[in-house]
Amino acid sequence: MSKKDLHITFDFSRNATLVQSKLIDAEKDEILGFTDGLSLGPLCDLGDAEAIENRKTWWRKVFGASQFEESNNFVDDNLILLKKVISCSDRYSHIYLWLGDDANEKIIIARLLSHLKESSTPIHKLNFHHMNFRNEKGEKLNLRSLQVMREDNIVEASKHFEKLSEDDIQSYSSLWSHIRSNDAVINLFDNSGKHLAGDETFFDAYLLKRCNETPQRSASIVGYTLCDIWDEFYDSSVGDLFLFYRLKELADMGKIEISNPHEDPERAKMVFDVRKKS
C-alpha cells in the first residue's frame, strides 16, 4: 500500500479554499490545517509548559475567557496537531506546505521545520514568486497566500511547489530559534524579509493616526488601520480583534475616549465610538 501525501494549510478559510478546489483526493491524501496565528502573542513550543500557559493567558486577555474552555482552545489544539505531524512525518510519501510568506504562515513553517530537521520525508513549499496570476487588465498580481486566492487558482498554484533543501530547512529552523529568543508579542517581516519584533504597542501609532477629535465608530478606525498595515507590510496576520483590544487599552491609558458602546457586553468589546483627546 502506497503512502499518503500530507498537505498542510493555515487558517479555516485557506484550508477551505484548498478543500473546495477538489485538487486533493481526501481518500488518498490528508489535509491538516493549523489555526493558531503565531505572529501575535508570546510564542510557545512543545514541552515548554510555562510558555504554553503564558500564551494562553495572553490570549485570554485579548479574546476573553469564553474563547478558552478547558477542553477546547486553539493553542492546545495546534500543539496537539504539531505533535501528530511530527510523530507521523515519516509515514507520509511527501509533505506539501500550502503556506506563503505572511508572518503567520512563515512562523508556522519555522516552528514545524525545527521539529522535522531529521525527517526523511521530502518537504515541499509553494513558491509564490513563480506564480503568474494577472487581473483583468493583465497586470501581475503579487499573491503570497491562499487567503487571497480563489478555488480556480489552486491548480495553477500547485505547479509551483519546490522541494526544500537541507539548507532551507535549517534556515527555517534557525528562524524559529531567533524569533523565540526575542520573546516578543508582535512578530512580522518587512518587504525584504527582515524580522521585526515588538511589544503590544507596536500598532498603537497606526490606530491613533486614524483617530481624530470627532467621534468615529470603532469598526471604521480598525478597518482603515488594517488597510494601512497591509499597505506597509503586505500582510494580513494582524486581526481586527487585537486592534479592538488595543483601542480599549489606549482608552485606559487616557489617549482616546470611548463612548456609545453596544448594549450587548460581548459586542461592546468591538462596537463603540472613539474620539482622540485634544
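Before any of the text, the structure's been laid out above.
Residues numbered from 1 in each chain as written. Predicted model: local features only at pLDDT ≥ 70, side-chain atom pairs only at ≥ 80, totals over all residues. Heavy atoms only, no water.

Quick notes on helix 9 (residues 240-252)
Short version of the rule: Secondary structure elements are taken from DSSP: a helix is a run of H or I of four residues or more, a strand is a run of E of two residues or more, and numbering for both begins at the N terminus. Helices are assigned an expected span. That span is 1.5 Å times one less than the residue count. Throughout, exposure labels follow a simple rule: accessible area from a 1.4 Å probe, protein chains only, divided by the maximum for the residue type, with under 20% read as buried, over 50% as exposed, and the rest as partly exposed. Residues count as neighbours in contact if any of their non-hydrogen atoms are within 4.5 Å of one another.
Here helix 9 is 13 residues long and its end C-alpha atoms lie 19 Å apart, about the 18 Å a rise of 1.5 Å per residue gives. All of the buried residues in helix 9 are F242, L243, F244, Y245, R246, L247 and L250. Residues of helix 9 that are buried in the fold lie against helix 2 (49-63), strand 6 (186-189), helix 7 (204-209), helix 8 (218-233), strand 9 (256-259) and strand 10 (273-276). Phi turns positive one or two residues past the end of helix 9, at G254, with a value near 80°.

A closer look at the nonpolar core
The cut-off we apply is this: Buried Ala, Val, Leu, Ile, Met, Phe, Trp, Tyr and Cys residues that are joined via side-chain atoms within 4.5 Å together make up what is termed a nonpolar core.
I8, L97, F203 and F242 are the most contacted members of the largest nonpolar core, which has 64 residues in total. Among all residues touching L97, those that are not within four sequence positions of it are I8, I109, L112, I123, H124, K125, L126, F161 and L164. Membership of the second largest hydrophobic core comes to 14 residues, among which are L18, I24, L126 and L146.

With respect to the sheet that holds strand 10
To keep things clear, this is the line we draw: Paired strands, as defined in this entry, are two strands with at least two bridges between them according to DSSP. Helix axes are fitted only over the stretch in contact, all axes being lines through C-alpha atoms; the angle between N-to-C directions runs from 0 to 180 degrees.
As summarised here, the arrangement of the three strands in space is 8-10-9, forming an open sheet in which the pairing is antiparallel. Single-partner strands in this sheet number two, and they are strand 8 (216-217) and strand 9. Where strand 9 and strand 10 come together, four bridges link them in antiparallel fashion. Bridging from a neighbouring strand, I258 pairs with V274 of strand 10. The strands touched by helix 9 are strand 9 and strand 10; relative to strand 9, the strand with the most contacts, the crossing angle is about 115°.

Description of the sheet that holds strand 2 (residues 30-34)
What the five strands build is an open sheet, ordered 2-1-3-4-5; its pairing is mixed. The open sheet has two free edges, formed respectively by strand 2 and strand 5 (161-163), since each of these has just one partner strand. Here the average twist between neighbouring strands, direction ignored, is 25°. Pairing analysis gives three bridges linking strand 4 (residues 123-126) to strand 5, with the strands arranged antiparallel. Pairing of L126 across the sheet is with F161, part of strand 5. The strands touched by helix 1 (residues 12-21) are strand 1 (6-10) and strand 2; relative to strand 1, the strand with the most contacts, the crossing angle is about 140°. Taken strand by strand, helix 3 (residues 74-88) contacts strand 1 and strand 2, and its axis lies near 140° from that of strand 2.

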